[in-house]
Amino acid sequence: MTGIDDSIDGWLPAGLPVAGIDRSSVWSDLLRHPWHLLALLCLVQIVCWTVVPALIDPAPPGDVVEGFMWGREWVLLTYKHPQLPGWLLETSHLLTGSFRWPQYLLAQLTISLTFVLVYLLARDMLGQSRALAAVLLMPSVYFFGWPTPQFNHDYAQMPFWAAICWLLWRAGRGGGPGWWLALGLVSGVGLYAKFSTGLLLAFGALWLLSDARARSRLATPWPWLGLAVFLAVAAPLAVELYRIDFLPLTYFADRDAWVTEHRARLYYIGVQVAGLSGFLLVLSISGLLRRSPDPEAPVERGILVYLVWMGLGPAVLIMLASLFTGTGESWGAPMYNLVGVVALAFLGRRLGAFEMRRLAICAFTCIVTMSAAYAAIRWTDCNVRGRMDAVCWPAQPISDEAEAVWHAAAPGRLDIVGGDTNLAMLAGLNAYDKPSIFTDLNMRFAPWITGRRLHDHGMLMVWSGRGVPPSLRAWLGNIPVKTVLFNWSREAPPVPINFAAIPPGTRYLPLAVDSRTRHQRS
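One structure accompanies this document, and this report is about it. Computed from a predicted model, the values in this text were never measured in an experiment. (Residues numbered from 1 in each chain as written. Predicted model: local features only at pLDDT ≥ 70, side-chain atom pairs only at ≥ 80, totals over all residues. Heavy atoms only, no water.)

## A short note on a nonpolar patch on the surface
Taken together, Leu 40, Leu 43, Val 47, Val 51 and Leu 55 make up a surface patch of nonpolar side chains, about 440 Å² in accessible area. Look at Leu 55 and you get exposed, because its relative accessible area is 64%. (Patch = residues over 30% accessible without salt bridge, like charges linked within 9 Å, V, L, I, M, F, W, Y side chains within 5 Å. Areas by Shrake-Rupley, 256 points an atom, 1.4 Å probe, with all protein chains shown as cover. Salt bridge = Lys/Arg side-chain N within 4 Å of Asp/Glu carboxyl O. Buried < 20%, exposed > 50% of the residue type's maximum accessible area, 1.4 Å probe, protein only.)

Listed below in structure tokens is the structure:
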């Protein structure tokens, strides 16, 4: 990929002087080779946030279980979202044979890839040292730590948002055809992570039209070729969206209504501000907020405009929208990739060896302490407080019992699980037969389930509590129910889970289910 008009390193002075630093020290070597420190940061992030949840959590987070169960169906789109995260989760299982740890590794690989892409963008704009400093600020942002074990669509987007920002900048600043083609490809694939990637693309399109230098590239064929690549990649998703009658839009409307009813008007903004509090604290500790003793040439205005527009614009817009709509608290997760770069663009003239050292110490401290706090709090919630979070369920024993009940009651493999959807997914997750989930017992939400498949293969119903819920009675009739008590906490009593095998050949199953019965919080 060549053809940039200006020397990338010539846009701004690249980094810190080495004079006065002990060249024999490890630290000075890391400063002279930013890639080494960046690689070390990624390694610590991957190790801490993969090992800790894998050791502590008996079950994956709820969205991860759903991703695994939907990923094995290999569909383009469900009633919620496109399914790139599900495909990645299923691939991780096929490669490792485990549901215990690969999802955590996958999540941290996406976070680390985001670190690298942000560094590449910041290096082009601010030079190597400021780019490294910008990435060292990222672990202090809540969204790059505590929630990352739950690999879902919000976190699958992160590297795509960072890559789009970098590729668009390079392409708009005179990049050759390779940059435009890569931009079109990554933008199209990004929609398969989540449709909200389109928000960043809209901001990027407005910048492309408003920036004179970038707009001049539209007179060449390369942006239009990149657009053609984008449309070609996104076309199957658009066709599938039409085929399923735009169900994700219905889901979004229902989710919006639930959040509006159950969350305070300022809840979303409060979560975002809290998530950035550590970032502001680290800025202060590092010394970057002090007054600069030496005036220095400011960053090019075009760089500042781009960073503020692409790095803060989507997040601010969603915050404003949250005042009028129901916005999920983690939707902003990919929107803070560039906050460190924005900070260094305005404060980077204050960056020296002392500030860099403090940033590095804070970054590694954030990763280690937050992962340790995660372990302590998760273990305490499950075993001392008796709080039944999604990660507290005994996933493997539930799957083992589900298969045992099925094979004792019916011939053939366990092919379908249903009932309480969240619990049924756990029952099917580790099952050797790899059953499909009958989401909310509704074929619109689980198109891989058909009446013929139900008749030929039967289904295992799973739910918790005592007795049979009214919504399941029509399905079960006189079918016997087995109730098993599962230990899940050192303090709380065992949880009763019920299993009922509907054998193959059962007739008159109530297949028509109202779509309004789905779980709004899932």
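## Considering the state of the cysteines
Under the criterion given, the structure shown has 1 disulfide. The partner cysteine of Cys 382 in its disulfide is Cys 392, sulfur to sulfur 1.8 Å. Classification of the bridge connecting Cys 382 and Cys 392 rests on its S-S torsion, roughly -80 degrees, and on that basis the disulfide is left-handed. One end of the pair, Cys 382, is in helix 17 (residues 353–383); the other, Cys 392, is in the loop between helix 17 and helix 18 (395–409), and 10 residues separate them in sequence. Judged by its relative accessible area of 6%, Cys 382 is buried. (Disulfide = S-S within 2.5 Å. Helix = DSSP H or I, 4+ residues; strand = E, 2+ residues; numbered from the N terminus.)

## Overview of the pattern of salt bridges
In total, this model carries 16 salt bridges according to the counting rule given. Note that Arg 243 and Glu 240 form a salt bridge whose closest N and O atoms lie 2.8 Å from each other. Of the two residues, Arg 243 and Glu 240 are both situated in helix 12 (residues 222–243); the distance of 3 residues between them amounts to about one turn of the helix. By relative accessible area, Arg 243 is classed as exposed at 56%. On the basis of relative accessible area, Glu 240 is assigned to the buried category, the value being 14%. The residue Arg 452 makes a salt bridge to Asp 456 at a minimum N-O spacing of 3.5 Å. Of the two residues, Arg 452 and Asp 456 both sit in helix 20 (residues 451–457), 4 residues apart, roughly one turn of that helix.

## Considerations on empty space enclosed by the protein
Scanning the model with the defined rule gives 4 cavities of 30 Å³ or more in all. By volume, the largest cavity amounts to about 90 Å³. If you trace the largest cavity, you find it lined by Val 259, Thr 260, Arg 263, Ala 264, Arg 265, Tyr 267, Tyr 268, Ser 322, Thr 325, Gly 326 and Thr 327. Elements with a minimum of two residues in the lining of the largest cavity: helix 13 (247–262) and helix 14 (267–286). Here the residues of the lining of the largest cavity sort into 4 nonpolar, 5 polar and 2 charged. (1 Å grid on protein atoms, 1.4 Å probe; cavity = no way out; pocket = protein on both sides within 12 Å on 5 of 7 lines; lining within 4 Å. Points joined across faces, edges and corners; volume = space filled by probe spheres on them. Nonpolar A, V, L, I, M, F, W, Y, C, P; charged D, E, K, R; others polar.)

## Considerations on the layout of surface pockets
By volume, the second largest pocket amounts to about 430 Å³. Along its surface, the second largest pocket is lined by 18 residues, and Leu 183, Leu 201, Ala 205, Leu 208 and Leu 227 are the ones closest to its centre. Elements that contribute at least two residues to the lining of the second largest pocket include exactly helix 8 (158–172), helix 9 (177–193), helix 10 (197–210) and helix 12. Looking at the lining of the second largest pocket, the element that brings in the most residues is helix 10, giving 6 residues. When the residues that make up the lining of the second largest pocket are grouped by side-chain class, the tally is 14 nonpolar, 4 polar and no charged.

## Here we look at the packing of helix 8 against helix 9
For the pair helix 8 and helix 9, interaxial distance at closest approach is 9 Å and the crossing angle is 160 degrees. By the angle class used here, helix 8 and helix 9 are roughly antiparallel. Note on packing geometry: the crossing formed by helix 8 with helix 9 is left-handed. Packed against helix 8, whose contacting residues are Phe 160, Ala 163, Ile 164, Trp 166, Leu 167, Leu 168, Arg 170, Ala 171 and Gly 172, the element helix 9 presents Trp 179, Trp 180, Ala 182, Leu 183, Val 186, Ser 187, Val 189, Gly 190 and Ala 193 at the interface. For the contact of helix 8 with helix 9, the residue count by class is 14 nonpolar, 3 polar and 1 charged. (Axes fitted to C-alpha atoms, helices over the stretch in contact; angles between N-to-C directions. Parallel < 35°, antiparallel > 145°, perpendicular 65-115°, else oblique. Left-handed = near helix turned anticlockwise from the far one by under 90°. Contact = heavy atoms within 4.5 Å.)

## Focus: the nonpolar core
By size, the foremost hydrophobic cluster in this structure holds 168 residues, and its most contacted members are Leu 460 and Met 461. If we skip the residues at most four places from it in the chain, Met 461 touches Gly 418, Gly 419, Leu 441, Leu 472, Trp 475, Leu 476, Asn 498, Phe 499, Ala 500 and Ile 502. (Core = buried A, V, L, I, M, F, W, Y, C linked by side-chain atoms within 4.5 Å.)

## Description of the environment of Pro 61
Position of Pro 61 among the secondary structure elements: in the loop between helix 2 (34–56) and helix 3 (62–71). Once the C-alpha coordinates of Pro 61 and Gln 103 are considered, the two residues, 42 residues apart in sequence, prove to be 9.9 Å apart.

## A word on the packing of aromatic side chains
Evaluated as defined, the whole model comprises 20 aromatic pairs. Note on Phe 115 and Phe 144: the rings are 6.0 Å apart at their centroids and 40 degrees apart in plane angle, and the pair reads as tilted. Remark: Phe 144 occurs in the loop between helix 6 (128–137) and helix 7 (153–156) and Phe 115 occurs in helix 5 (residues 102–126); sequence separation between them is 29 residues. Each member of the pair, Phe 115 as well as Phe 144, carries the same accessibility label: buried. Ring geometry for Trp 146 versus Tyr 374: centroids 5.3 Å apart, planes at 65 degrees, classification edge-to-face. Residue Trp 146 is found in the loop between helix 6 and helix 7, and its partner Tyr 374 is found in helix 17; the two are separated by 228 residues along the sequence. In this structure, Trp 146 and Tyr 374 share a single accessibility class: buried. One aromatic cluster is present, built from ring pairs that chain together Trp 70, Tyr 79, Tyr 251 and Phe 445. (Phe/Tyr/Trp six-rings, centres within 6.5 Å; stacked < 30°, edge-to-face > 60°.)

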